[in-house]
Amino acid sequence: MGRYRAPRPKGTPLITAAGEARLRAELDRLWRQERPVVALAVQDAARNGDRSENGDYIYGKKRLREIDGRVRFISKRLEVLQVVREPPADTARVFFGATVEVEDQHAISQTVTILGPDEFESARGEVSIDSPIARALLGKSAGDCVNLESPGGLRELEILDVRYSRD
């Protein structure tokens, strides 16, 4: 079995203004605060002699590579992202940035917010616009029913409410 992995599909290039601000803050923190501290630690560890057995040097260099990779990723991603600052004209339908309350066939309700792939956090009820649930909900209105294929089987969801927040 080979090591080849097909490239991941690129995420939708949408992000909210708050998500963009978080990415820019992370980039600034990594570049201006964390990287100089780690670089100084690596420099100090390099003075201690044999680098091949120097754990501080080895792990410091590894952390520098991780920071540089993340900085490069965020920088390139920010170049292509489109910031969505306003809700859509038709706020009765589900689009990017919508908070949607749904109920399944067992009367279990759930609230999800549809965000970009660079900013969602599942623990807060946020989902990526590229996720199966978001793709099923896009373009629908309150009162509509959608079918969602999930690992537990087919789920029928009824949309109870669609709202947009102004940040």
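Basis of the calculations
- Residues numbered from 1 in each chain as written.
- Predicted model: local features only at pLDDT ≥ 70, side-chain atom pairs only at ≥ 80, totals over all residues.
- Heavy atoms only, no water.
- Pairing = 2+ DSSP bridges.
- Helix = DSSP H or I, 4+ residues; strand = E, 2+ residues; numbered from the N terminus.
- Axes fitted to C-alpha atoms, helices over the stretch in contact; angles between N-to-C directions.
- 1 Å grid on protein atoms, 1.4 Å probe; cavity = no way out; pocket = protein on both sides within 12 Å on 5 of 7 lines; lining within 4 Å.
- Points joined across faces, edges and corners; volume = space filled by probe spheres on them.
- Nonpolar A, V, L, I, M, F, W, Y, C, P; charged D, E, K, R; others polar.
- Core = buried A, V, L, I, M, F, W, Y, C linked by side-chain atoms within 4.5 Å.
- Buried < 20%, exposed > 50% of the residue type's maximum accessible area, 1.4 Å probe, protein only.
- Contact = heavy atoms within 4.5 Å.

Peer 1: Is there a simple way to think about the sheet that holds strand β4 (residues 109-115) in this case?
Peer 2: The strands making up a sheet are joined through hydrogen bonds of the backbone, oriented either antiparallel or parallel. Here five strands make up an open sheet; going across it, the order is β5-β4-β3-β7-β6 and the pairing mixed. Of all the strands in the sheet, just β5 (126-128) and β6 (145-150) have a single pairing partner and so form its edges. Direction aside, neighbouring strands of the sheet carry axes that sit 45 degrees apart on average.

Peer 1: Please clarify how the layout of surface pockets should be interpreted in this entry.
Peer 2: Counted as a void, the second largest pocket has a volume near 310 Å³. Classifying every residue of the lining of the second largest pocket by side-chain character gives four nonpolar, one polar and five charged.

Peer 1: Whenever I open this one, the nonpolar core confuses me. Can you help?
Peer 2: Formed by 20 residues in total, the largest nonpolar core has its most connected members in Val 94, Val 100, Ile 114, Ile 133, Leu 137 and Ile 159. Listing elements by their share of this core, those giving two or more residues are β3 (98-104), β4, α3 (132-137), β6 and β7 (153-164). For Val 94, the residues in contact, after removing those within four places along its chain, are Val 100, Ile 114, Leu 137, Leu 138, Gly 139, Lys 140, Ile 159, Val 162 and Tyr 164. The next biggest cluster of nonpolar side chains, apart from the first, holds 15 residues, and it includes Val 42, Ala 45, Leu 64 and Ile 67.

Geometric descriptors of this kind do not, in isolation, establish any biological role.
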